[in-house]
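# Chains, contacts and geometry: an overview
Residues per chain, in single letters:
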Amino acid sequence: MAADIIDGKAFAAGLRARIAETIPAFREKTGRAPGLAVVLVGEDPASQVYVRSKGKATVEAGMESFEHKLEPTVTQDELLALIAKLNADRTVDGILVQLPLPKHIDEAAVIGAIDPDKDVDGFHVVNAGRLAVGATGFVPCTPLGCIMLLKDRLGSLSGLDAVVIGRSNIVGKPMAQLLLAESCTVTVAHSRTRDLADVVRRADIVVAAVGRPEMIKGDWIKPGATVIDVGINRVPGASEGKTKLVGDVDYASAAEVAGAITPVPGGVGPMTIAVLLRNTAVAAHLREGLSPPPTL
Ligand code: NDP
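Note that this is a predicted model, so its numbers are computed, not measured. (Residues numbered from 1 in each chain as written. Predicted model: local features only at pLDDT ≥ 70, side-chain atom pairs only at ≥ 80, totals over all residues. Heavy atoms only, no water.)

## Let's talk about the packing of aromatic side chains
How two aromatic rings sit relative to each other is given by the distance of their centres and the angle of their planes. In this structure the tally under the stated criterion is 0 aromatic pairs. Geometry around Phe-11 places Arg-18 over its ring, the cationic atom sitting 5.9 Å from the centre. (Phe/Tyr/Trp six-rings, centres within 6.5 Å; stacked < 30°, edge-to-face > 60°. Lys NZ or Arg CZ within 6 Å of the ring centre and 35° of its normal.)

Written out as structure tokens, the structure reads:
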């Protein structure tokens, strides 16, 4: 039996529409729109594409986008001075620094300088700590998007066995914390995990965030499991010189066994920007002393 496809693109479009619906009332109450500042250092082509699409999605949702493009030679002090200015700017509700930063800049120092209440990427240690202790804060966009897709598909996740493959600070670790908060029994696997296939076979929920094309095979998947593929890997395409995107899961074989699976592209990817907009709208409401609408 073929797995159901979890349509992240459609879910993300719905979330973006729900966010856009909350903006007129926010404007009415505050006289302004929520604002997201995106900081891009250098000319990395992939980062430029991400920043452009984030800016476009922000404006489409009815929010303000402030783009700050800095030369690759910018000093750490200059970048920190910009962060301080954005922290103090009342029209800015969210600050996102596009990673990676050039080698001469200490990423942790820059992320650590962002006001945690404007840290809509959820990368600040204060927000990581809030997530760890179950306090309210900003959660990294990709794992929060994965949880939204899982809850939409499964309803309650309580008591389910979840395996997260990958332990990065931006995906694997926060993903594990979110699943734990949903009362899953969580295993976090990584490059030193023994018998990974056997570990994955126990899981009702598999979240793959490894960065290795099609590593997780169909015969690793428990029949009926829900598979969330975070991986985005560019590999050679069918014809000469062309490339295509694949996930960390071998989609063709996994889709024969799983109950439901996210495709790549069109699964987790579109959720990341939608959740960024959601976090920005939430930040704006909280900064104005308003309750974020329950639809967010
Ligand atoms: P990292 O490279 O930071 O982390 C990869 C993790 O995978 C590490 O914990 C590593 O283990 C583990 N790993 C590597 N090789 C193996 C292996 N052979 N077996 C088991 N575990 C292994 O990656 P990210 O978390 O940043 O990203 C993961 C993937 O998700 C990438 O493909 C990335 O492009 C994608 N991504 C997609 C996003 C989206 O919007 N959809 C957003 C962010 C990321 P160890 O810690 O032991 O080294």
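The structure having been displayed, the exposition proceeds.
## Digging into the sheet that holds strand β7 (residues 205-208)
Pairing between the strands of a sheet is mediated by backbone hydrogen bonds and can be parallel or antiparallel. Across the sheet, 6 strands lie side by side as β1-β11-β8-β7-β5-β6; this open sheet has parallel pairing. Each of the sheet's edge strands pairs with one partner strand only, and the pair in question is β1 (4-5) and β6 (185-189). With 2 bridges connecting them, strand β8 (residues 226-229) and strand β11 (residues 260-261) associate as parallel partners. By the bridge assignment, Thr-226 is partnered in β11 with Ala-260. (Pairing = 2+ DSSP bridges. Helix = DSSP H or I, 4+ residues; strand = E, 2+ residues; numbered from the N terminus.)

## With respect to the pattern of salt bridges
A full pass over the atoms with the stated rule returns 12 salt bridges. Here Arg-16 makes a salt bridge to Glu-60, at a shortest N to O gap of 3.2 Å. Here Arg-16, found in helix α1 (residues 8-30), pairs with Glu-60, found in helix α2 (residues 45-60); they are 44 residues apart in sequence, far enough to count as distant. Between Asp-204 and Lys-222 there is a salt bridge, with the nearest N and O atoms lying 2.8 Å from each other. Of this pair, Asp-204 sits in the loop between α8 (196-201) and β7 while Lys-222 is found in the loop between β7 and β8, placing the two residues 18 residues apart along the sequence. Several salt bridges converge on common partners, so that one network encompasses Arg-32, Arg-90, Asp-93, Arg-287 and Glu-288. (Salt bridge = Lys/Arg side-chain N within 4 Å of Asp/Glu carboxyl O.)

## Points about the packing of α2 against helix α10 (residues 269-287)
Relative orientation of the contacting elements α2 and α10 amounts to 50°, with a least axis distance of 10 Å. Judged by the angle between their axes, α2 and α10 are oblique. The handedness of the crossing between α2 and α10 is right-handed. For the pair α2 and α10, contact is made by Ser-53, Lys-54, Ala-57 and Thr-58 and by Ile-273, Leu-276 and Leu-277, respectively. Among the residues forming the contact of α2 with α10, the class breakdown is 4 nonpolar, 2 polar and 1 charged. (Axes fitted to C-alpha atoms, helices over the stretch in contact; angles between N-to-C directions. Parallel < 35°, antiparallel > 145°, perpendicular 65-115°, else oblique. Left-handed = near helix turned anticlockwise from the far one by under 90°. Contact = heavy atoms within 4.5 Å. Nonpolar A, V, L, I, M, F, W, Y, C, P; charged D, E, K, R; others polar.)

## Digging into the site of the ligand
What surrounds the ligand is a group of 22 residues, the closest being Arg-167, Ser-168, Ser-191, Arg-212 and Thr-272. At a separation of 3.5 Å, a nitrogen atom of the ligand approaches a polar backbone atom of His-190. The side chain of Arg-212 places a nitrogen or oxygen atom 2.8 Å from a nitrogen atom of the ligand. Across the shell around the ligand, the residue classes break down as 10 nonpolar, 10 polar and 2 charged. (Near = heavy atom within 4 Å. Polar contact = N/O pair within 3.5 Å; in protein donor to acceptor, adjacent residues only side chain to side chain.)

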